[in-house]
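Chains, contacts and geometry: an overview
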Amino acid sequence: MDSSPPPQMPSQTSARSWSIYGRGEIIQRYEILGRIGSGAYADVYRGRRRSDGLVVALKEIHDYRSSFREIEALQALRGVPNVVDLVEYFWHEDEEDAVLVLEFLPADLGAVIREAKSGGAGIAVGEVKQWMLQILRGVEACHRSSVVHRDLKPSNLLISADGVLKLADFGQSMMRQESRLTSLDINPENETWIQQQPTIQHEGSVSWPDDPTPEIQNIPGPRGVNEDDYMKDLYGMKAKNMMYDSDKDMSLQDGDTSCLATCSTGDIEVDPLKGSYTYEAQDDIVEESGALTSCVGTRWFRAPELLYGSTSYGQEVDLWSLGCIFAELLSLDPLFPGTSDIDQLSKIISVLGDLTEETWSGCLDLPDYNKISFGKVDSPIGLEACLPNRSAAEVDLVRRLLSYDPAARATAAELLHDSYFAEEPLPVPASELKIPTKEDNNESSPGE
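What you see is a predicted model, and the numbers here were worked out from it, not measured in a lab.

1. Comments concerning the sheet that holds strand β2 (residues 42-49)
Spatially, five strands are ordered β1-β2-β3-β5-β4 in an open sheet, and the strand pairing comes out antiparallel. The sheet is open, and its two borders are formed by β1 (30-38) and β4 (86-90), each paired with just one other strand. Strand after strand, the sheet turns through a mean of 25° between neighbouring axes, direction not considered. In this structure, β1 lies alongside β2, joined through seven bridges in antiparallel fashion. What sits directly across from tyrosine 30, in β2, is arginine 49.

2. Comments concerning the sheet that holds strand β8 (residues 157-159)
Strand order in the open sheet formed by three strands is β6-β8-β9, and the pairing between neighbours is antiparallel. Two strands close off the open sheet at either side, each with one partner strand: β6 (107-108) and β9 (165-167). Two strands pair when backbone bridges link them, and β6 and β8 are joined in this way by two bridges, in the antiparallel orientation. Within the sheet, the bridge partner assigned to alanine 107 lies in β8 and is isoleucine 159.

3. Focus on the pairing of strand β5 (residues 98-103)
β5 sits mainly inside the fold: six of its six residues count as buried. By the bridge criterion, six bridges tie strand β3 (residues 55-61) to β5 in an arrangement that is antiparallel. Bridged to alanine 57 within β5 is leucine 102.

4. A closer look at the confidence of the model for the protein
Mean pLDDT over the protein stands at 76; residues scoring 70 or higher make up 66%. Ignoring residues within four places in sequence, the model shows residues 241-289, a span with pLDDT below 50, making 159 contacts including any to other chains. This stretch, residues 439-448, has a pLDDT under 50; its non-local contacts, to residues over four places away or in other chains, come to 29 contacts.

5. Section: the pairing of β3
Among the seven residues that make up β3, seven are buried, leaving the element largely enclosed by the rest of the structure. By the alternation rule, side chains of β3 split into Val55, Ala57, Lys59 and Ile61 and Val56, Leu58 and Glu60, which are all buried. Bridge count between β2 and β3: seven bridges; the pairing is antiparallel. Among the inter-strand pairings, tyrosine 45 is bridged to a residue of β3, identified as leucine 58. In sequence, β2 turns back onto β3 through a hairpin of five residues, with glycine 53 there showing a positive phi of about 80°.

6. Section: the environment of proline 81
Topologically, proline 81 is positioned in the loop between α2 (64-76) and β4. Judged by relative accessible area, proline 81 falls into the exposed class, the value being 57%. It is 8.5 Å that separates the C-alpha atoms of proline 81 and arginine 137, two residues lying 56 residues apart in sequence. Apart from the residues within four sequence positions on either side, proline 81 is in contact with Val164, Leu165 and Lys166.

7. What about the pattern of salt bridges?
Following the criterion strictly, the structure yields 22 salt bridges and no others. Notably, a salt bridge pairs arginine 400 with aspartate 418, separated by 2.5 Å at the nearest N-O pair. Taken together, the residues span a long stretch of sequence, with arginine 400 in helix α10 (residues 392-401) and aspartate 418 in the segment after α11 (412-416) at a distance of 18 residues. The exposure class of arginine 400 is partly exposed, given its relative accessible area of 27%. Connected through shared salt-bridge partners, Lys59, Glu70 and Asp169 make up one network.

What counts and how
Residues numbered from 1 in each chain as written. Predicted model: local features only at pLDDT ≥ 70, side-chain atom pairs only at ≥ 80, totals over all residues. Heavy atoms only, no water. Pairing = 2+ DSSP bridges. Helix = DSSP H or I, 4+ residues; strand = E, 2+ residues; numbered from the N terminus. Axes fitted to C-alpha atoms, helices over the stretch in contact; angles between N-to-C directions. Buried < 20%, exposed > 50% of the residue type's maximum accessible area, 1.4 Å probe, protein only. pLDDT = per-residue confidence, 0-100. Contact = heavy atoms within 4.5 Å. Salt bridge = Lys/Arg side-chain N within 4 Å of Asp/Glu carboxyl O.

So this is what it looks like as structure tokens:
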């Protein structure tokens with residue numbers, strides 16, 4: 001007999017967040033074990049699949065565009081070892097909220113950093129290298145599939161019990177236009193698009209069969225639609241996204257707290273420092289010209305071109321975020337903990353020096369470059385001072401990612417072959433990594 005405590009009853013003030021309990025198709029397949037994270041635009045529940053007992057995370061997303069982005073990206077990246085697995089999803093035309101069924105991951109990189117800092121011993125070099133390699137593999141797979149994550153940070157890098165790190169929370173991601181729709185499965189024989197249902201071979205392993213037959217009898221399977229109809233629906237979604245794009249109320253404040261189960265929902269209720277730091281992880285505005293908004297990503301990890309209002313960017317914004325994450329792995333402190341966009345730029349310039357035409361000729365084209373001015377920094381702090389007691393190779397790795405010129409940033413594919421990872425001490429096996437306990441994960445780090 002199941003000894004798990006019954007799920008909490010919904011409160012009067014958040015009834016909409018608990019609509020998952022009233023959706024029969026989900027309750028028939030999954031036992032809801034309780035809510036593990038909640039935010040302004042998503043709720044995450046721990047669940048158990050009734051057919052085989054697999055523990056999963058069910059992410060109920062209350063924002064239409066975030067749902068569309070995350071499903072599209074995860075379908076394009078399915079099977080990638082260092083990207084969270086999308087088991088299946090529930091989303092119908094008459095329902096505003098999508099529910100994504102994702103593998104359950106009990107920890108995140110932010111918890112690893114917090115535990116290392118509180119313990120005082122830091123993270124061993126061999127472990128740092130293994131974490132870096134897994135992050136690089138996940139980002140390289142995204143960029144190879146033309147997916148730009150746009151919100152990389154430690155709390156969105158989730159970790160399994162056996163030390164496998166996976167990129168998660170693709171709600172702000174974008175796919176470069178030339179590759180859009182490549183994640184869809186088209187049956188060439190009857191031109192019918194099929195939303196495939198993956199089957200779980202064993203916990204943590206997902207395969208996508210040729211036969212999309214539902215696993216439980218008497219439960220309606222995925223809706224097959226004609227390709228033309230599907231394309232019409234898809235472009236209808238995009239048109240709806242465009243309609244929302246002008247709505248300033250769609251912006252969200254990102255509390256930067258991990259739900260530990262494939263979701264960073266923003267405005268997390270357990271955030272003890274929510275009043276101290278506000279992160280402006282906003283939705284993108286796509287104009288007819290294809291321009292994007294600069295208001296994406298969490299501020300501490302946001303590239304300078306975004307802070308200066310760039311609306312033309314690509315995967316390079318993820319590479320800047322990687323540099324900030326790697327620096328935090330090495331020092332256990334955020335590299336650029338800005339309290340506002342202006343303060344964020346000021347902290348970057350104080351470390352790296354002035355952003356001028358000499359350091360990057362393209363800076364003159366940034367929309368806000370001539371609107372924001374700082375005093376000349378004659379003696380920048382430098383990365384070496386921010387990363388004390390680290391090797392020259394480690395500092396150089398971070399420096400190659402934190403270039404003002406986006407085109408000069410090292411790609412994930414390039415860094416995977418960097419000699420740093422072949423030097424002693426070698427990366428430890430993932431199975432030997434120290435994973436924080438569940439109790440440790442209940443804490444929030446500064447700014448999260």
